Every structure is written in C-alpha cells, then in structure tokens.
Amino acid sequence: MSHNGKQLSRRSVLAATGAVAGASALGAAGAAPASAAPAGPGGGPGGGPGGPKPGPQGVAPFAVPAVLPGDARYPDLTVGLNQRWTASPNRVHLVSTTQQVVAVVAEAAAAGRRVSVRSGGHCYEDFAYNAAVEVVVDLSEMNRVYFDAERNAFAVEPGAALGKVYDRLYRGWGVTVPGGMCYSVGAGGHVAGGGWGLLARRDGLIVDHLYAVEVVTVDAAGTAKAVVATRDDTGPLRELWWAHTGGGGGSFGIVTRYWFRSRTATGTNPSALLPKPPAEVLVSLLSWSWAKLTQADFTTLVRNFGAWHEAHGAPGDHGGLFSFLTLNHISNGEVALLTQLAVDTPNPEAVLQDFLDQITQGVSTPPETPAQNGSADGPLGNFLVPRRWSWLKATHYLGTSNQVMTNSVLRGDEKSAFHHRGYTDAQIAALWQHLRSDTLDNPMAQVVMSSYGGQVNALGSTATAHAHRDSVFKVLYQTNWTEAAHDQVNLAWLRGVYQAVYAGTGGVPVSNTQTSGCFVNYCDIDLNSPQYNSSPVPWHDLYWRGNYPHLQQVKAQWDPTNFFRHGQSVRLP
C-alpha cells in the first residue's frame, strides 16, 4: 500500500474530525432509501429538460426523466463516496421537486421495484447502492436553503451539502444549525440520523431544532404521497416527525424537505429563530510523534480525555468547548488533539489553556512544534499558540482540510461507540496494541474520541428518536484506503481493534455504566452478525436502545408494506 508519507499524515490530523462530525461522514446522507428532496416555493411537477424519456425495451416511458445504463453519467451516479458500494439499477432519477419524487415512487411501487436514495452519497454501508437496487432517486439537485415565511422556519432540501447550509444561513440571517463539520455531507440522511457537530455541546443536535419534515410515503394500497409532519402535530403526524429526529434514513419514506426552528424561538424575525454561532472561535491543534510517545504517555492522554468529559458532560458545562483526540495508526506518525472554543465563553483563553493542561497533565512527551514535524510552512502546522478565527472561517477550514471527504476514490469502513465513562486501562492497552500493529500500513486508520454531552444531554432519551442523551464522548473507529486489494487487511484490523476494546461485552459497546451503544449515522452491518456481535443486544437496540419499539410502531403506520428498506432499516413489528 503506497501512501504519500508526511503530507498525507499532516492532512490526516483533521481527517477524522470531518468523518466524525459529518454524521455523515460516510454514513449519513445517503444512508439508504430514506432521504429525499422537496419542492420549494413555486415548485411544481417538473419534467426536466426534454420531458419524459422512453424507458428500456418493454417498459413504459418514465414519468420523470431518467439516466439509463449506457448514459455517460450512469457510472458516476451509481456509486457513493465509499467506492466499495456500487449498484446497477435500471435507472437513476435526478429529481428536482417533491412532485417528481412522488411520481418516481408511485411508478416503482406499482411495478414492485426496489428503490434507494442518494442525497450526499456518504453512506458507510451499501444501503443506497447494492445489487438489489432497481431505481435510485438522486436528490443532489434538490439543494436549496431558504426561509419559508408560511411555516416561519428555514427550509433545507435533502441534497443541500452542509457547507452550503451553513453559508446560506449565516450569510443571510446570521444563524446556523448545529450539524456536522464535513462540508460535502448532504442534509438528507445526516439530519434523519440525529446529526451532530462542533456546536453540539453548546446548541444540541441538529434534530433538536427540527420543526417539520416533508416525507414521500407509500401506504398499504401502494399509493405514494407527500406528507408534512411537524413537532406541533399530534397523533400519527407527530410520530412521523419524531421518527426523523434520529431514526435514521431509509425506513419510513423519502425526505424531501426539512424545516428548522428552535424549540424556544418566538416571533417571526428569521434572525431569532435558530442559534447564532459565536462570532469567533479559538482553534488549537497539538500533535505527538509516535516515535517519541511512550505507552505510559499514550495511556495518560486517553485517560485524561475521558476523565475531563466525564466531569464536564452536563448541559451548560463548558458548552462552547469541543475537542477531538485523534489516535492515528503508527504509520501516520502522530497522535493529534484538535480543540475549538467559542470566544463568547467567559475568559476563553484561560478556559482553553485549562482544558489543554488537564488533557496533557502527566504526559512527559511535549507536543511537536511546526519545525519539528516538518510542517512549518503548511496550513496544518500545530497551533501551539491557538488561532483566533471568525466562526465561518473556522467552519470552512475544518470542514475542508480533510482527505477523507475530498478524496473521491476512497474505500472505507467505520464503527462507533457512545461512552458514559472513559476507557479502562485494559481497553487503552488494546488500543495501543492495535494502533501500533505492523499488520497494517495505512495512515488513514484511526480511532477518534470526540466531545459529546453538554446541551445534547439537556433532552431526555425519548424526546427524540436519538436515545444517547447521557453520553459524554463518542468514538469513531475508522479506516480508509484506495485499493480493493487492501480490503481484507483493513477490515480485519478494524474489526480486531473494535472487538478487542469491547471484548468484555461481546465485541460491541452495549448499554451499561460505561457505554451506551452505537451511532446510526455511522451504520455498521457487522452489528447484525453473531460473528462480530456476540452480546445479547441486537443491532437495533445498540442504535436506538428503548426507542426501537416506538420506531417500529411508526414504521407500521407509515410504511406498512416495508417498501423502504435496507440492511438496517427499522423492521415492522
């Protein structure tokens, strides 16, 4: 496996932060037949350029234009960011209105064809692209972000990439939503899975500000229709809204539009309906060379990071501070700590320094300086002196300085865990062993501990479908690579480290005093397999804990024929 040595290593300091925060990362937006796109103001039935195109031989013409096999666009429209997953559908529909989505779904339902959905293409598993898929609904052209005065809320279409969402909301109205940091993740599945990002400890999850959702559903008679469900509704409509506050993509219908307005917002001034981000943030980036890092120092770093978050996981506690401890594989050359702090925090410089002091307390190996790590002239040099940037500048910088999100030929796999408490010494020893394993030579293999809790924990576990409202940090176990020949060695390494860390609970982070389960946006099909999950806890309880039966009832109400399904969609009761 050939890699670009130090240059790749420096970029990978930030790689995991994007994959982690994306919610997506590779597994949110495109996560299966479930996200979709909306019609905005004046959006009516659309045929697109040239009107309806004839279908394949023996098939009636399509109501909505389609890209068919043989079209030059077809190969690029049948694969996601993760190049492991491809499909050979009969057709791909690049839709632009809700009415078009209804037409495509109605046609597929009448013909009994399997439908999947792409919004951003970041699904970690094969839920959007697999051999069974016959029709792909591509929502990438449904990407508008605007204020909807009628609903007194901001409308976001599912194909809108998060970078565009932040730019539009902030430049237009000075507000934002606390979503993931990866600029190219689509809103579709990211939101439905309970997306989170650098403002989560300050402002909660993105779904904590979700006011309404428009969904194309299929009823028991096979009829497709668009439904709008809000948090103000009662009965089945409110249940449908609730299912999209963390229930994941691909289970209930195709989302064609989201509307956002904070729960506590009042009035009709758009600039007062969503959180205002901090005007400025402090950004700190430290790294330690694997060549100098002792096992004792590694253990202390990991233990300190967990201990700080255990002590500061309550709502309102250091809410403006968010940090990632990126434990790269030894072939990367370094371990990194990235921290962002809102400057509207009282005494921000002192708060940041106190945090860094606590994380590094007892670590005898000092962090590298830019001159020592060879990156003095590069944009990713260590910020031993924290940078003070505007929030928007930091959002752009951290969202794009990430080879995982910008490399279009990557293959990958991911696993996750929510933690109430830090790792045990035995678990840290397992991390040390696997991160230094010589069976793998891949700078993009890593374990990333990231801040959680704070305002996320202000709601109860049943207030939204996202149940992990008592965790204090989250972990992403991840490896990305470029060649199919390296699939097995990477998968074996990732499975090995995950099972070793959670060996005491059947190879997975079950809900107990230490861990809480897994993140549905980092979907992991291994959780279905007794080979990799020998615990008594099924995959759906790892994702949703006690909320799963509730999600099943919503499924029965809104998708009684199981039309929308994939490897980890909510099952009918």
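Residues numbered from 1 in each chain as written. Predicted model: local features only at pLDDT ≥ 70, side-chain atom pairs only at ≥ 80, totals over all residues. Heavy atoms only, no water.

The name given to the protein in an unreviewed UniProt entry is Putative oxidoreductase, with the source organism recorded as Kitasatospora setae. Under the UniProt heading Sequence similarities (unreviewed entry), the note attached to the protein is "Belongs to the oxygen-dependent FAD-linked oxidoreductase family." Its UniProt record, at the heading Cofactor (unreviewed entry), says of the protein: "FAD". (UniProt positions renumbered as here; feature names shortened; annotations may be inferred.)

J.: Sorry if this is basic, but what is going on with the overall build of the protein here?
T.: The secondary structure content of the protein amounts to 15 helices and 16 strands. Within the protein, buried positions represent 63% of all 573 residues. Taking as baseline every contact in the protein between residues at least 6 positions apart, the subset at least 24 positions apart corresponds to 76%. When the accessible surface of the protein is totalled, it reaches about 18700 Å², and 52% of it is carbon and sulfur. (Helix = DSSP H or I, 4+ residues; strand = E, 2+ residues; numbered from the N terminus. Buried < 20%, exposed > 50% of the residue type's maximum accessible area, 1.4 Å probe, protein only. Contact = heavy atoms within 4.5 Å. Areas by Shrake-Rupley, 256 points an atom, 1.4 Å probe, with all protein chains shown as cover.)

J.: Sorry, what's going on with unusual backbone geometry here?
T.: One can expect most non-glycine residues to show negative phi and most peptide bonds to be in trans. The residue N152 is not glycine, and still its phi comes out positive at about 50°. Topologically, N152 is positioned in the loop between β4 (145-148) and β5 (153-156). Residue N562 is not a glycine yet carries a positive backbone phi of 60°. Tracing the chain through its elements places N562 in the segment after α15 (548-558).

J.: Explain the pairing of strand β13 (residues 411-419) to me, please; I cannot follow it from the model alone.
T.: Along any regular strand the residues' side chains alternate between the sheet's two faces. Counting buried residues in β13 gives 9 out of 9 residues, a clear majority hidden from the surface. With 9 bridges joining them, β13 and strand β15 (residues 473-481) adopt antiparallel strand pairing. Along β15, the bridge assignment pairs K415 with Y477. Note: β13 against strand β16 (residues 515-517), 2 bridges, orientation antiparallel. Within the sheet, the bridge partner assigned to H419 lies in β16 and is T515. (Pairing = 2+ DSSP bridges.)

J.: Whenever I open this one, the sheet that holds strand β10 (residues 321-328) confuses me. Can you help?
T.: One key point about sheets: their strands pair by backbone hydrogen bonds, in either a parallel or an antiparallel sense. Read across the open sheet, the 8 strands follow the order β12-β9-β11-β10-β14-β15-β13-β16; overall the sheet is antiparallel. Looking at which strands have only one partner, the edges of the open sheet turn out to be β12 (387-390) and β16. Sheet twist, expressed as the mean angle between neighbouring strand axes with direction ignored, is 25°. In the packing of helix α7 (residues 295-311) onto the sheet, the strands contacted are β9 (280-289), β10, β11 (334-342), β14 (445-451) and β15, and the crossing angle to β10 comes to about 155°. (Axes fitted to C-alpha atoms, helices over the stretch in contact; angles between N-to-C directions.)

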